[in-house]
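# Close look at the chain arrangement
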Amino acid sequence: MDYMIGVDIGTTSVKTVLYDTAGKMQGYSNNLYPLYQDVPDMAEEDPDEIFSAIIDGLTTVMRKADLKNGKLQGVSFSAAMHSLILLDEDHKPLTRAITWADNRAVKYADELRENGVGKQLYEKTGTPIHPMTPLSKLIWLRNDQPDLFNQARWFVGIKEYVIYKLFGVLQEDYSIANATGLFNIFKMDWDDQALEVAGITRDQLPKLVDTTDQITGMQADYAGVIGMDPQTPFIMGASDGPLANLGVNAIKPGVVAVTIGTSGAVRVVTDKPKIDPKGRVFCYYLSKDHWVVGGPVNNGGIVFRWVRDQLFAPEKLTAEQMHVDSYDLLTEIASKVPAGSDGLIFHPFLGGERAPIWDANARGSFFGLTRTHSRAHMVRAALEGIVYNLYTVMLALEEVVGKPSSIQATGGFARSALWRQMLADIFEQDVTIPESPEGTALGAATLGMYALGMIDDLSAVKNFIGVSNVHHPNPETYDAYRALVPIYIRLSRQLQSEYKNIAEYQRTHVHPQENKKK
């Protein structure tokens, strides 16, 4: 039996999965690391803690491989987008990894959006202007921390740092580069205007390579610890969003992938770059002739967690005592409330928002509360609000790529029958849930197999996915959702004029300790 490893470097953990060449999981490791939020709007990670987690994950799954009767063909990477690490001349970190969730560059992202430069850059890079991007972060660092900025010799992301530590080479794949806001998707190179706006030069950035690029010659010490032949090919891989599409077999035109984990996204694959004239969706590279167009949202399962912890603390405690999953208990409570939550609408913007409004100042709100509403209504409204928001992303996407032919859904939410049905009802389309645990890691492994010539085409991923479950929309919910979604959308537009004001109040009046994530 031969093997392939997919490594998914996420926001809170690295998932390392050992697959056989039929795409079946043979080993799994999930290694956590902390997200540091010492001050408001900060979201950082320690790159060396992440590197250690990767070494631990690879070591764990290698023990599952029977290398006496098979061979490890390769290792392929997925990584979260938009991270930024400043390195000195010796490639030592001057900062932690500043993640996509860090909002401290909001002032400079707003300026780019308002002065027209942001639109020019979006039309060349396919990356919407937002504080998540390294472009905005670099402007913030240059202006607010010039001493630190000027010390830096290199500007890299987490995957590039890991590759350097393992192999001593500094290179970046097109997919990760595409998400920096510094990469021209039509020239397949760093964009001169973006570099000038950021205040850096191309010799401060890694060498650009394709997502199928291979590296061998791992540092002997690390290879020894892991138990891996140092000449094992490592494939650069891509960013997590495009690979999640691949991992659920949503790579044909018109097949949409909807993901709801901690955050969420709606994405579809096209054969060439496509830009939204209104700047609402991204366009990211996956591989030759595969581009992923879509929109990410900050607020997915993390909203459900907030509802559980802040509104249902007693039920959470009861569930723990009864050894019942607290989320299952809450969805059971929500299922007793009719579709549309009796006119209660929730905007789920607890952590700002990306698509489709791209407003880091966005804040959450309940609308339509009356004395007849209960906490049960509030939990259902929160779940519906997350899906309403994903639906608005889908509407924007339709303007760019046309109506979807089918929807593949994945992520932690897929465990909930209620949430799956909500998705089908609000989108008014069949929703297929592929049985592909750790779809992003599977996408990475599939891209690795393609790079090594083990499969002829990425569509071979369909053979690696198990049985799928299909949910059909319930016509009995149409009237409620068709009436409420337009109200949700109009409210979003009207509230945007006040988001900046309330966010500024919170930054200046709320004690910093209360902004920290415990």
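Residues numbered from 1 in each chain as written. Predicted model: local features only at pLDDT ≥ 70, side-chain atom pairs only at ≥ 80, totals over all residues. Heavy atoms only, no water.

## Some points on the packing of helix H15 (residues 417–427) against helix H17 (residues 478–509)
Remark: H15 packs on H17, axes separated minimally by 9 Å, with the N-to-C direction vectors making an angle of 70 degrees. On the basis of the axis angle, H15 is roughly perpendicular to H17. In the crossing of H15 with H17, the sense of the turn from one axis to the other is right-handed. In this structure, H15 uses Met422, Asp425 and Ile426 to contact H17, whose residues at the interface are Tyr478, Tyr481 and Val485. When its residues are assigned to classes, the contact of H15 with H17 shows 5 nonpolar, no polar and 1 charged. (Axes fitted to C-alpha atoms, helices over the stretch in contact; angles between N-to-C directions. Helix = DSSP H or I, 4+ residues; strand = E, 2+ residues; numbered from the N terminus. Parallel < 35°, antiparallel > 145°, perpendicular 65-115°, else oblique. Left-handed = near helix turned anticlockwise from the far one by under 90°. Contact = heavy atoms within 4.5 Å. Nonpolar A, V, L, I, M, F, W, Y, C, P; charged D, E, K, R; others polar.)

## Overview of helix H4 (residues 134–144)
Most of H4 sits out of view: 8 of its 11 residues are buried. All of the buried residues in H4 are Pro134, Leu135, Ser136, Lys137, Leu138, Ile139, Trp140 and Leu141. (Buried < 20%, exposed > 50% of the residue type's maximum accessible area, 1.4 Å probe, protein only.)

## Things to note about the packing of helix H10 (residues 240–247) against helix H16 (residues 439–451)
Packing of H10 against H16 leaves a shortest axis separation of 7 Å and a crossing angle of 85 degrees. As judged from the angle between their axes, H10 and H16 are roughly perpendicular. Note on element contacts: H16 touches H10 through Gly439, Thr440, Leu442, Gly443, Ala444, Thr446 and Leu447, opposite Asp240, Leu243, Ala244, Leu246 and Gly247. Along the lines of polarity and charge, the residues of the contact of H10 with H16 split into 6 nonpolar, 5 polar and 1 charged.

## Describing the side chain of Arg380
Looking at where Arg380 falls in the secondary structure, it is placed in helix H14 (residues 375–401). If we skip the residues at most four places from it in the chain, Arg380 touches Ala334, Ser335, Val337, Pro338, Ala339, Gly340, Ser341, Leu418, Met422 and Tyr481.

## Observations concerning helix H3 (residues 117–125)
The set of residues buried in H3 consists of Gly118, Leu121, Tyr122 and Thr125. Projection of H3 onto a plane perpendicular to its axis shows the buried side chains occupying an angular sector of 105 degrees, all on one side. Positive phi appears at Gly126, one or two residues downstream of H3, with a value of about 75 degrees. (Arc of directions from axis to C-beta.)

## Comments concerning the nonpolar core
Nonpolar side chains in soluble globular proteins tend to be buried together. Of all hydrophobic cores here, the largest spans 120 residues; its most connected members are Phe155, Leu182, Ile200, Val258, Trp419 and Phe427. Looking at this core element by element, the count peaks at 15 residues for H14. (Core = buried A, V, L, I, M, F, W, Y, C linked by side-chain atoms within 4.5 Å.)

## What to know about the sheet that holds strand E21 (residues 406–410)
Sheet architecture is open: 7 strands sit in the order E17-E18-E16-E15-E21-E22-E23, paired in mixed fashion. At either margin of the open sheet sits one strand with a lone partner, and together these are strand E17 (282–287) and strand E23 (469–471). Taking the axes of each pair of neighbouring strands and ignoring which way they run, one obtains an average angle of 30 degrees across the sheet. Pairing of E17 with strand E18 (residues 290–297) involves 5 bridges; the strand directions are antiparallel. Looking at the pairing, Tyr284 lines up with Val292 of E18. Lying over the sheet, H14 contacts strand E15 (255–260), strand E16 (264–270) and E18, oriented at roughly 20 degrees with respect to E16. (Pairing = 2+ DSSP bridges.)

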